[in-house]
Amino acid sequence: MIRLPYPHLARNADQALNLDGYPLSHIAAEFDTPTYVYSSAAIAQAYQSLTAAFGDRKHQICYAVKANSNLAILALLAKLGAGFDIVSGGELARVLKAGGAPKKIVFSGVGKRAAEIRQALEAGIGCLNVESVSELARISGIAQELGVVAPISLRVNPDVDAKTHPYISTGLKDNKFGIPIEQAPDLYRYTARDPHLRIVGIDCHIGSQLTDVSPFAAAAERVLALLDVLILEGIELHHLDLGGGLGIRYTDEHPPTAADWVNTVVSVIDQHPIARRLPLMLEPGRFLVGPAGVLLSRVEYLKPHPAEGKSFAIVDAAMNDLMRPALYGSVMDIVAVRPLPVCTPAVWEIVGPVCETGDFLGHERHLALAEGDLIAILGAGAYGFSMASNYNTRGRPAEVLIDAGSAHLIRARETTESLWVNEQIPVNYQ
Ligand code: LLP
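In short, a report on the structure. (Residues numbered from 1 in each chain as written. Predicted model: local features only at pLDDT ≥ 70, side-chain atom pairs only at ≥ 80, totals over all residues. Heavy atoms only, no water.)

Quick look at helix α4 (residues 89–97)
Consideration 1: Among the residues of α4, those classed as buried are Gly-89, Glu-91, Leu-92 and Val-95. With its buried residues spanning 160° around the axis, α4 presents them on a single face.
Consideration 2: Contact partners of the buried residues in α4: α3 (71–80), β6 (83–86), β7 (105–107) and α5 (114–123).
Consideration 3: Remark: Gly-99 follows α4 within two positions and exhibits a positive phi of approximately 90°. (Buried < 20%, exposed > 50% of the residue type's maximum accessible area, 1.4 Å probe, protein only. Helix = DSSP H or I, 4+ residues; strand = E, 2+ residues; numbered from the N terminus. Arc of directions from axis to C-beta. Contact = heavy atoms within 4.5 Å.)

Right under this line is the structure:
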């Protein structure tokens, strides 16, 4: 049975799974497997649930492009009015290609290269979220060279525990991210004196897949304490950015709703007489696209164990297509596209063809499976395709968007030949 967090998935009368009414078996027949399938309606609804929660309060949602950077997804979000949080020159180029407004782009990340900073300043993006003193100096030099004034936010590290997986926790002082919040006033002073830099805001992002709102409130409080110091110094700000991180339900989590998240941060920020007048920015990634996508895969072989050992369902998707289970031990729901009443459910290890024991998509799943059946891995719209690789020389999956009852191929499956276009065999080996 499909649970609520994926309202766009349903079963037809014949029990076949569909996404927004489009049978997933038809997608497999048309586009083969493995294939990522997304619902544009689910993305739009998630976006609208955030904007609705803000009501009249001035805000900007900057979609974290890294969650899913397909041009069609970016174009959809740009049309809905989203801005974008980027972390590379590549993501900047994608957003511009998809029609994103440069002024609504914020550029995060600890390691911006000189060429990327130049590219961002030339494009006229809204803000660079700066993560170190050295980065500030580099941006200033490049702005001077280009004869522009760089819009700057300092990404501060508020030392707040996001209580999430350690790999995706970013707001603790031991993490590489941001400027320790106690050093921020000094850096703001330094920035304010530099004619090539213009302070526009404060930024922080404490982690991803948060299932509790209290760390967001704690981070907001710390940002306000910093704001008080800056006000005393006469430093003016034009926005506050509290990052992304709202979790989604993969199995049995109980994440806050969009309204819980927005209300939590707004209720802290709007107690402050100056902060309440500043536009509030959020950088959600997973929340907008995660629940909207599934990874569709086909069972190649069943290796049932005759006795007590594990039974393996070997499917055509693997850790290179969806890395989250292997990398973080993430548990993602897996369902049969058409539950076959003819076979009884068994307990399966759902694994891919890659030559690593870490290549699993799910452990101990109770599923009624036969060879050739389709399965769907749910909640795969975020950090699925965007983290896929070509390990084992596997072309990355196709991506399909269901929009208004039609299935659009938004990325063709990679051909094998395309995987070595940048490789060269030295002449003496030929
Ligand atoms: N802003 C910044 C500066 C970030 O670093 C991130 C995510 C976001 C916003 C968006 O966070 P979200 O709303 O999606 O939680 N690959 C991991 C997640 C890595 C998140 C990295 N930063 C996963 O699959 O769980």
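Focus on the packing of helix α6 (residues 133–146) against helix α7 (residues 184–193)
Consideration 1: The N-to-C vectors of α6 and α7 enclose an angle of 10°; their axes lie 11 Å apart at closest approach. With respect to their mutual orientation, α6 and α7 come out roughly parallel. Judged by residue contacts, Val-133, Leu-136 and Ala-137 of α6 engage Leu-187, Tyr-190 and Thr-191 from α7.
Consideration 2: Considering only residue class, the contact of α6 with α7 consists of 5 nonpolar, 1 polar and no charged. (Axes fitted to C-alpha atoms, helices over the stretch in contact; angles between N-to-C directions. Parallel < 35°, antiparallel > 145°, perpendicular 65-115°, else oblique. Nonpolar A, V, L, I, M, F, W, Y, C, P; charged D, E, K, R; others polar.)

Examining the packing of aromatic side chains
Consideration 1: Counting across every chain of the model gives 4 aromatic pairs.
Consideration 2: Ring geometry for Tyr-36 and Tyr-38: centres 6.2 Å apart, planes at 15°, overall stacked.
Consideration 3: For Tyr-38, a relative accessible area of 1% corresponds to the buried category.
Consideration 4: Between the aromatic rings of Tyr-36 and Phe-385, the centroid separation amounts to 6.1 Å while the plane-to-plane angle is 80°, which identifies the pairing as edge-to-face. (Phe/Tyr/Trp six-rings, centres within 6.5 Å; stacked < 30°, edge-to-face > 60°.)

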